[in-house]
Amino acid sequence: MKTDELKELCAALPGTQAVLYGPPSNILVYAVSGKKFAYFKTSMPEQWRFSLRASAGRFIELTDMPGVKPARYMGRFHWVTIVDVAQFPADYLAELVQDSYARAVAGLTRAQRAALD
């Protein structure tokens, strides 16, 4: 999956907002009602590295894969960084994005979840 396709996938999820943060963080964040579920690093040398949240079990599984590492500062919350999304299986990546989105939605209030429907 190419970076642009992944951006479209993230943006197409219900209620998603994309916010670009400039220096010093330089990240493109995808969130639903303020809850982050994915982000891209937009500056060199880590440009277009993709991070998302995973379950504890998947975190261990993913960090054992080549090209996947714990996300900087967020690894303790089970966030992983995929170094090159083009080298990662597209269907598995889409499943991980859906799971991360579902975790963000689960953290919303009942009223916020109802507003998404």
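Above this text sits the structure in question.
Bear in mind the structure is a predicted one, so any value in this text is a computation, not a measurement. (Residues numbered from 1 in each chain as written. Predicted model: local features only at pLDDT ≥ 70, side-chain atom pairs only at ≥ 80, totals over all residues. Heavy atoms only, no water.)

So, on to the sheet that holds strand 2 (residues 27–32). A sheet is described by the order of its strands in space; here six strands give the open sequence 1-2-3-4-6-5, paired in antiparallel fashion. Of all the strands in the sheet, the pair left with one neighbour each is strand 1 (16–21) and strand 5 (68–70). On average, adjacent strands in this sheet sit at an angle of 25° to one another, irrespective of strand direction. The pairing of strand 5 with strand 6 (residues 79–82) spans three bridges and is antiparallel. Paired with Lys 69 across the strands is Thr 81, a residue of strand 6. Set on the sheet, helix 1 (residues 3–12) makes contact with strand 1, strand 2, strand 3 (35–41) and strand 4 (50–53); between it and strand 3 the angle comes to about 165°. Contacting strand 1, strand 2, strand 3, strand 4 and strand 6, helix 3 (residues 90–106) crosses the sheet at an angle of about 50° to strand 4. (Pairing = 2+ DSSP bridges. Helix = DSSP H or I, 4+ residues; strand = E, 2+ residues; numbered from the N terminus. Axes fitted to C-alpha atoms, helices over the stretch in contact; angles between N-to-C directions. Contact = heavy atoms within 4.5 Å.)

Counted according to the given criterion, the structure contains four salt bridges. We note a salt bridge from Arg 49 to Glu 46, for which the minimum N-O separation is 3.9 Å. For Asp 99, the salt bridge goes to Arg 103, with nearest N and O atoms at 3.6 Å. Placement of the pair is Asp 99 and Arg 103 together in helix 3, with a separation of four residues, close to one helical turn. On the basis of relative accessibility, which here comes to 23%, the residue Asp 99 falls in the partly exposed class. (Salt bridge = Lys/Arg side-chain N within 4 Å of Asp/Glu carboxyl O. Buried < 20%, exposed > 50% of the residue type's maximum accessible area, 1.4 Å probe, protein only.)

In total, this model carries six aromatic pairs according to the counting rule given. Considering the side-chain rings of Phe 37 and Tyr 101, the 5.3 Å spacing of their centres and the 85° angle between planes classify their relative orientation as edge-to-face. Residue Phe 37 is located in strand 3, and its partner Tyr 101 is located in helix 3; the two are separated by 64 residues in the primary sequence. Judged by centre distance (5.7 Å) and plane angle (15°), the rings of Phe 88 and Tyr 92 are stacked. Overall, the relative accessible area of 6% leaves Phe 88 in the buried class. Given the relative accessible area of 15%, Tyr 92 is considered buried. Here the aromatic residues Tyr 30, Phe 40, Trp 48 and Phe 50 are joined through ring pairs into a cluster of three or more. (Phe/Tyr/Trp six-rings, centres within 6.5 Å; stacked < 30°, edge-to-face > 60°.)

Right, let's talk about the side chain of Asn 26 for a bit. Among the structural elements, Asn 26 can be located in the loop between strand 1 and strand 2. Leave out the neighbours within four places in its chain, and Asn 26 touches Tyr 21, Phe 40, Lys 41, Thr 42 and Ser 43.

Attention now moves to the pairing of strand 1. Examined bridge by bridge, strand 1 and strand 2 share six bridges and lie antiparallel to one another. Its bridge partner lying in strand 2, Tyr 21 is registered against Ile 27.

A word on the packing of helix 1 against helix 3. Two numbers describe a pair of packed helices, the interaxial angle and the distance between the axes. Interhelical geometry of helix 1 versus helix 3 gives an angle of 30° and a closest axis separation of 11 Å. Judged on the interaxial angle alone, helix 3 and helix 1 are roughly parallel. In the packing of helix 1 onto helix 3, the handedness of the crossing is right-handed. Contacts from Leu 6, Leu 9 and Cys 10 in helix 1 reach Leu 93, Ala 94 and Val 97 in helix 3. The class makeup of the residues in the contact of helix 1 with helix 3 is six nonpolar, no polar and no charged. (Parallel < 35°, antiparallel > 145°, perpendicular 65-115°, else oblique. Left-handed = near helix turned anticlockwise from the far one by under 90°. Nonpolar A, V, L, I, M, F, W, Y, C, P; charged D, E, K, R; others polar.)

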